[in-house]
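Below are the chains, spelled out letter by letter.
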Amino acid sequence: MVMNFRDKAWIFLAIMCFSLLICSTKALVSYDHKALIINGQKRILLSGSIHYPRSTPEMWPELIKKAQEGGLDVIQTYVFWNGHEPSPGQYYFGDRYDLVRFIKLVQQAGLYVSLRIGPYVCAEWNFGGIPVWLKYVPGMVFRTDNGPFKTAMQKFTKKIVDIMKEEKLFETQGGPIILSQIENEYGPMEWEIGSAGKAYTKWTAAMALGLSTGVPWVMCKQDDAPYPIINTCNGFYCEGFKPNSVDQPKMWTENWTGWFTEFGGAIPNRPVEDLAFSVARFIQNGGSFMNYYMYHGGTNFDRTSGEFITTSYDYDAPLDEYGLLREPKYSHLKELHKVIKLCEPALVSVDPTINSLGNKQEAHVFKSKTSCAAFLSNYDTSYAAKVMFRGFPYDLPPWSISILPDCKTEYHNTAKIRSPSILMKMVPTSTRFSWESYNEAIPSSGDYGTFARDGFLEQISMTRDKTDYFWYLTDITISSNEGFLKTGEDPLLTICSAGHALHVFVNGQLAGTSYGALSSPKLTFSQRIKLREGVNKLAILSTAVGLPDAGVHYETWNTGVLGPATLNGVNSGAWDMSKWKWSYKIGTKGEAMSLHTTTGSSSVEWTEGSFVAVKQPLTWYKSSFNAPVGNEPLALDMNTMGKGQVWVNGHNIGRQWPAYTAHGNCGRCNYAGIYNEKKCLSNCGQSSQRWYHVPRSWLKPSGNLLVVFEEWGGDPSGISVVKRTNK
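Just so it is clear, the model here is predicted, and its values are computed rather than measured. Within each chain, residue numbers correspond to sequence positions counted from 1 in written order. Selection of residues for local features in this predicted model requires a pLDDT of at least 70, selection of side-chain atom pairs for listing and counting requires 80 or more, and totals for whole chains, interfaces and linings are taken over all residues. Calculation of side-chain values draws on the structure's entire complement of heavy atoms; hydrogens and water are dropped beforehand.

**Some points on the nonpolar core**
Joining through side-chain atoms within 4.5 Å is the link that ties buried Ala, Val, Leu, Ile, Met, Phe, Trp, Tyr and Cys residues into a set, and such a set is a nonpolar core. Think of it in three bands: with a 1.4 Å probe and only protein chains considered, a residue is buried below 20% of the maximum accessible area for its type, exposed above 50%, and partly exposed in between. In this structure, Leu-115, Leu-134, Phe-149, Met-164, Ile-178, Tyr-292 and Ile-403 are the most contacted members of the largest nonpolar core, which totals 127 residues. The contact criterion used throughout is that any non-hydrogen atoms of two residues lie within 4.5 Å. Residues contacting Leu-134, with those up to four places away along its chain left out, are Trp-81, Met-140, Phe-142, Phe-149 and Ala-152. By size, the runner-up hydrophobic cluster in this structure holds 29 residues, among which are Leu-634, Tyr-660, Trp-698 and Leu-699.

Structural data, given as structure tokens:
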């Protein structure tokens, strides 16, 4: 048959339209009340949080591979604003902050990405991920209907979205990103703030939607999330959560696999039986997207941890801080994921029918025309139950759910663990150190690099968080007629600080130390001090231990010595020192000289051999060492040290504070029953964090430089390199 031009044109147009339809179908991400729909297919999606800056790029492929092998579909991560924009308009996307590289690795593994742009993240991350410099923009108020904040937030959010678009990383472009999140857990904040918070929520939603990513946006813990943004749940349990629209799926953006560790706190552990139970219970109640927070917690390298948060961010995750499998948690969840996937055809097709099987037992049955899946639940926390379902008996341990992908055969029970427990150990290596020391000079008022003001200055307003350290300096002049010089009853120095730790030096000698905690960062130093006739040098080193990451207008919270400060026991009764003229110095001399680097450490004379300082405050230590052979993850055992920071080949591995003993109630842990972060604690009476991760990619075969700054006074001879292994 001969076709004329018009016929050929219509055929060509039809082919083009069909091709466009196929392309748009391939690129489409949508949802209904049951699930997210990707490329036309409804999906039950299992996700895990891995934060790219909390590991090294060399670790990323293996972490992602283990997540994929563990049965995950999605990797979820925050975007860390203060890591990407350390100063206004100056952006950084290198090394651990190479977000594009991380996302492309996830895509290469065949996984999707849930990108939580925030840009406020909380995450026990310094200042909640918001740059400190933003606090000092005129008129700035964080996370409310405030012009300067909205301008900065929109600029950064658009920056990230534009980068993702340029790299074609959204699913609509053939990339892996299927979800974006704007803001983070803002609902409770909005309730506190009121009308300005509600206005901010509406503005935030409209701003995000206007960026046209082509994928759904979510807002977690935001019951009034404006449509079509999906509100999602965060918590240890989310089975009862309902989205605020009947047209939206039930999504869980944070299922807490454990909890963070704070300096001075015990280590939280969440039993895998309970974690698996929470997942199965969510799915049986219609949930279709579940994310583990964290799947790999990692390490708070540098000074990135939030207020009083340890350098370790292990989180009792299925992949431990070092990227190794935590067993039986990893394998038990892997088995659960496989079984849930067997149920997927039924789960996305119909809503469940719920039948009682006993006083605290029930069945959730998903039966479609072509498939059937059943979840048999026992909510009793003390007793097992034998139930009858469709004429067959099933044994259900306490606080457990059995999953029957064919409504007949039990493939998995959340409390029946088939995987063996594997105890990981920290094993010493043969690495040897030859320590050298350098004493940090204690400054005096009027020294070079100091500046004077009347009264006290807030610490972060001066340091801008470029250092943890800020000196408060003054002279105390004692006349010969002061009575305490004759009685020997030393005067009482009292200093009130907004946080987080103080080291008080009188005439160059440590007089005492005081420090707060996460629950009470403010502190009071109150101690009698030795003063002599004449001029006495008082030097107070105020130390920040991370900045707050959550709370209503936390940007207004203070750090450092703000007073009152008094000296009691003088002839006049008491001196109010708060309005005296004080001198100030930002940071330490060692920081200014970059003693943590090869070049900087070579610029001063170090003490060697038997003259190396031991248990002396404000001391720098250095040693070279060779990397242990093998490929096991490595750490430094810092158990004989007090408090400070550690660098390896110029990389800051984080704050060390092994002298802060863990408090809490550690005892027997029963998986059954509602879990909270204080239920299953371990490590009470021990160091909150003893071991500090040293990534192998930061090491050379030989000649590595280890530098330790010790504030309190420690014994470096007890430091050792250990490897993490089950052997």
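Having seen the structure, we can now continue with the description.
**Considering the UniProt feature "domain: Glycoside hydrolase 35 catalytic" (unreviewed entry) in the chain**
Feature annotation in UniProt places "domain: Glycoside hydrolase 35 catalytic" (unreviewed entry) on residues 36–339, given in this structure's numbering. In this text, helices come from DSSP runs of H or I with a minimum length of four residues, and strands from runs of E with a minimum of two, each type numbered from the N-terminal end. In the segment residues 36–339, helix accounts for 30% and strand for 19%; the C-alpha atoms at its two ends are 19 Å apart. UniProt positions are given in the numbering used here, feature names are shortened, and annotations may be inferred rather than shown by experiment.

**Let's talk about the sheet that holds strand S2 (residues 36–38)**
In this scheme, strands are said to pair when DSSP sees at least two bridges between them. Taking strand neighbours across the sheet as the criterion, the three strands line up as S1-S2-S3 in an open arrangement whose pairing is antiparallel. Both edges of this open sheet fall to strand S1 (29–31) and strand S3 (41–43), since each of them pairs with a single strand only. Within the sheet, the average angular offset between the axes of one strand and its neighbour, ignoring direction, is 40 degrees. Both S2 and S3 contribute to a ladder of three bridges, which runs antiparallel. When the sheet's bridge partners are listed, Leu-36 is paired in S3 with Arg-43. Working convention: axes come from line fits to C-alpha atoms, limited for helices to the stretch in contact. Angles between N-to-C directions cover 0 to 180 degrees.

**What to know about the pattern of salt bridges**
Salt-bridge detection follows one rule: a side-chain nitrogen of Lys or Arg within 4 Å of a carboxyl oxygen of Asp or Glu. All told, the structure shown has 33 salt bridges when counted by the stated rule. Across the pair Asp-73 and Arg-43 runs a salt bridge whose closest N-O atoms are separated by 3.4 Å. Taken together, the residues span a long stretch of sequence, with Asp-73 in the loop between helix H2 (60–69) and strand S5 (74–78) and Arg-43 in strand S3 at a distance of 30 residues. The pair Asp-73 / Arg-43 is uniform in exposure class, with both members buried. For Lys-341, the salt bridge is made with Glu-344, and the minimal N-O distance between the two is 3.9 Å. Of this pair, Lys-341 and Glu-344 both sit in helix H9 (residues 329–347), three residues apart, which is roughly one turn of the helix. What you see here is one network of salt bridges that share partners, running through Arg-43, Asp-73, Lys-341 and Glu-344.

**What about the packing of aromatic side chains?**
Within 6.5 Å between ring centres, the rings of Phe, Tyr and Trp (the latter by its six-membered ring) count as paired, and their orientation is classed by plane angle as stacked under 30 degrees, edge-to-face over 60, tilted in between. Throughout the structure, instances matching the rule amount to 55 aromatic pairs. Where Phe-142 meets Phe-149, the ring centres are 5.7 Å apart and the plane angle is 40 degrees; that geometry is what we call tilted. Relative accessible area serves as the criterion here: at 1%, Phe-142 is assigned to the buried category. Under the relative-accessibility criterion, Phe-149 is labelled buried at 2%. For the ring pair Phe-456 and Trp-582, a centre distance of 4.8 Å and an interplane angle of 45 degrees mean the geometry is tilted. One end of the pair, Phe-456, is in the loop between strand S22 (451–454) and helix H10 (459–463); the other, Trp-582, is in strand S31 (residues 581–586), with 126 residues separating them in the sequence. Pair check on accessibility: Phe-456 and Trp-582 agree, each one buried.

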